[in-house]
Amino acid sequence: GSNSSWRSKQWYQRRVRGKTKIYSPDIIGLHNEIEDFAKWMKPTKEEMMLRGCVVERVKRIVHQQWPTARVEIFGSFKTGLYLPTSDIDIVIFGEWTQAPLRTLERRLVESHIADPTTIKVLDKASVPIIKLTDSLTKIKLDISFNTNNCIKSAEKISELLRQYPCLDKLVLVLKQFLLQRHLNEVFVGGLGSYCLTLMVVAKLQSCPRRRRGRLEEENLGVLLIEFFEFYGIRFNYNNTGIRIADGGSFFNKSENAEMRGSMLCIEDPFQPGNDIARASYSMFIVKEAFKLAYTWLKRAVIAPSKPCEQVFPLTDSILGTLVKVDKVIVEYRHWIKNNWIYMAKMLPHPESYTHDDSIATPSTRRDKPKKDAWQGGELSDGTTDQSAEASSEDGDRLTDELTSDSSV
């Protein structure tokens, strides 16, 4: 059936394949929206396959140039926490006195892997990298050399994802939140995916409900609002650092002189004393964005005491006022859907495709994937109707917590 959405005073409804999907304008509705948003953002098997092929393409060029080099993936592609347009992070291990950035740049262009207009060598960055866009699939890549802890970091995130079932959904929402505000690129001072994920983990570790064993049943809307409140208002960036090792804790930055140089301080889980967030020099802008998000969500999920404070029905979607799926993402996914078979035949195939080996290939699957866009209240054709795991107690408790004035 065709999608449609409309307003009413109490419910926001939309039709999905003939069914009516209802989001209530409260904390339960927000929970449902986060569930559906994360579900739509998760990669299709075809998208995963093409990414695996692009990695294999780069790997073969590297091995032609340096036969003994080892090529590994890390970051969000390794853990599965990537958006449809996220970069693939690749690290190359080998014996060089200096990272051969320019040599690899030349080979990638000569082999027509890199679009010459998009390739950049950031040799002055704290971690020198090559940034490029694959000429066939338009997938972006970041390539570095001999960055030792990146593989361990990906393994740590995978472990945390198993430990916290809600982590992937919260991170996907927050990554899109930062992306649409251009606050996600570390090389321009933004907050990268790894640090963002550790911030979410630190908040979950400190949650009293976790110690009571209830976190796996938590309302995602509650957790998102609490994240924005904590890092937008309550957290003392001047004096406090974040540590996730040994169950998580916060520490005084004065304990280590090297930790006092940056606004956001996150201790490296594998190298105590090393601040992995020091490159995020635009954190004060990120903090303000979190603060504004908290202010909006607090108003949106609580019944106003005065008519002038009414937030709804100004919009059909609570989450959609903060996080929107860009037209570029929608068009790119449609392009992949329509062209993946052609591209798969043009690319080399690896033995496995990272976090999921059950990948469709042109030889094993002939139908094309069906996936239309989620956009702030407009649900995709590919999403099934699901009831919230949240209980009304979550909404009542959140209302009580947020209506009481909190000291910063």
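Residues numbered from 1 in each chain as written. Predicted model: local features only at pLDDT ≥ 70, side-chain atom pairs only at ≥ 80, totals over all residues. Heavy atoms only, no water.

(A) Molecular detail of the overall build of the chain. A count of helices and strands for the chain gives 12 helices and 10 strands. By residue count, 52% of the 408 residues in the chain fall in the buried class. Taking the intrachain contacts of the chain between residues at least 6 apart in sequence as the baseline, contacts between residues at least 24 apart amount to 68%. When the accessible surface of the chain is split by element, carbon and sulfur atoms take 49% of a total near 19300 Å². (Helix = DSSP H or I, 4+ residues; strand = E, 2+ residues; numbered from the N terminus. Buried < 20%, exposed > 50% of the residue type's maximum accessible area, 1.4 Å probe, protein only. Contact = heavy atoms within 4.5 Å. Areas by Shrake-Rupley, 256 points an atom, 1.4 Å probe, with all protein chains shown as cover.)

(B) Quick peek at the packing of helix α6 (residues 167–179) against helix α9 (residues 220–234). Put simply, α6 and α9 touch, their axes get as near as 10 Å, and they point 50 degrees apart. Judged by the angle between their axes, α6 and α9 are oblique. Once α6 is placed against α9, the crossing between them reads as right-handed. Contact residues: K169, L170, V173, L174 and F177 in α6; L220, L223, L224, F227 and F228 in α9. Across the contact of α6 with α9, the residue classes tally to nine nonpolar, no polar and one charged. (Axes fitted to C-alpha atoms, helices over the stretch in contact; angles between N-to-C directions. Parallel < 35°, antiparallel > 145°, perpendicular 65-115°, else oblique. Left-handed = near helix turned anticlockwise from the far one by under 90°. Nonpolar A, V, L, I, M, F, W, Y, C, P; charged D, E, K, R; others polar.)

(C) Spatial organisation of a nonpolar patch on the surface. Nonpolar side chains collect at one region of the surface, where F187, V188 and Y281 lie side by side and expose about 310 Å² of accessible area between them. With respect to the element layout, V188 can be found in the loop between α6 and α7 (193–205). For V188, a relative accessible area of 41% translates into the label partly exposed. (Patch = residues over 30% accessible without salt bridge, like charges linked within 9 Å, V, L, I, M, F, W, Y side chains within 5 Å. Salt bridge = Lys/Arg side-chain N within 4 Å of Asp/Glu carboxyl O.)

(D) Just the packing of α7 against α9, in detail. Viewed as axis vectors pointing N to C, α7 and α9 meet at an angle of 105 degrees, and their least axial separation amounts to 10 Å. By the criterion of interaxial angle, the relationship of α7 to α9 is roughly perpendicular. Note on element contacts: α9 touches α7 through L223, E226, F227, F230 and Y231, opposite L196, M199, V200, A202, K203 and L204. Each residue belonging to the contact of α7 with α9 can be placed in one class, and the counts come to nine nonpolar, no polar and two charged.

(E) Main features of the packing of aromatic side chains. Under the counting rule described, the total for this entry stands at 17 aromatic pairs. One aromatic cluster is present, formed by F177, F227, F228, F230, Y231, F235, Y237, F250 and F290 through successive ring pairs. Of note, R51 hangs over the ring of F77, and the distance from its end group to the ring centre comes to 5.9 Å. The ring of F230 has K203 sitting right over it, with the charged end atom 5.5 Å from the ring centre. (Phe/Tyr/Trp six-rings, centres within 6.5 Å; stacked < 30°, edge-to-face > 60°. Lys NZ or Arg CZ within 6 Å of the ring centre and 35° of its normal.)

(F) Here's a closer look at the environment of F270. Here F270 shows up in the loop between β10 (249–252) and α10 (283–301). Overall, the relative accessible area of 32% leaves F270 in the partly exposed class. Every residue in contact with F270, bar those within four places of it in the chain, is listed here: N149, K152, S153, K156 and Y194.

(G) The arrangement of the sheet that holds strand β8 (residues 140–145) in detail. Read across the sheet, five strands follow the order β4-β5-β8-β7-β6 without closing on themselves; strand pairing throughout is mixed. Two strands close off the open sheet at either side, each with one partner strand: β4 (70–74) and β6 (120–122). Averaged over all pairs of adjacent strands, the angle between strand axes in this sheet comes to 25 degrees, irrespective of strand direction. Here strand β7 (residues 129–133) pairs with β8 via five bridges, running antiparallel. Residue pairing in the sheet places L132 in a bridge with L141 of β8. In this fold helix α2 (residues 45–65) packs onto β4, β5 (88–93) and β8, with an angle of close to 25 degrees to the strand it touches most, β5. (Pairing = 2+ DSSP bridges.)

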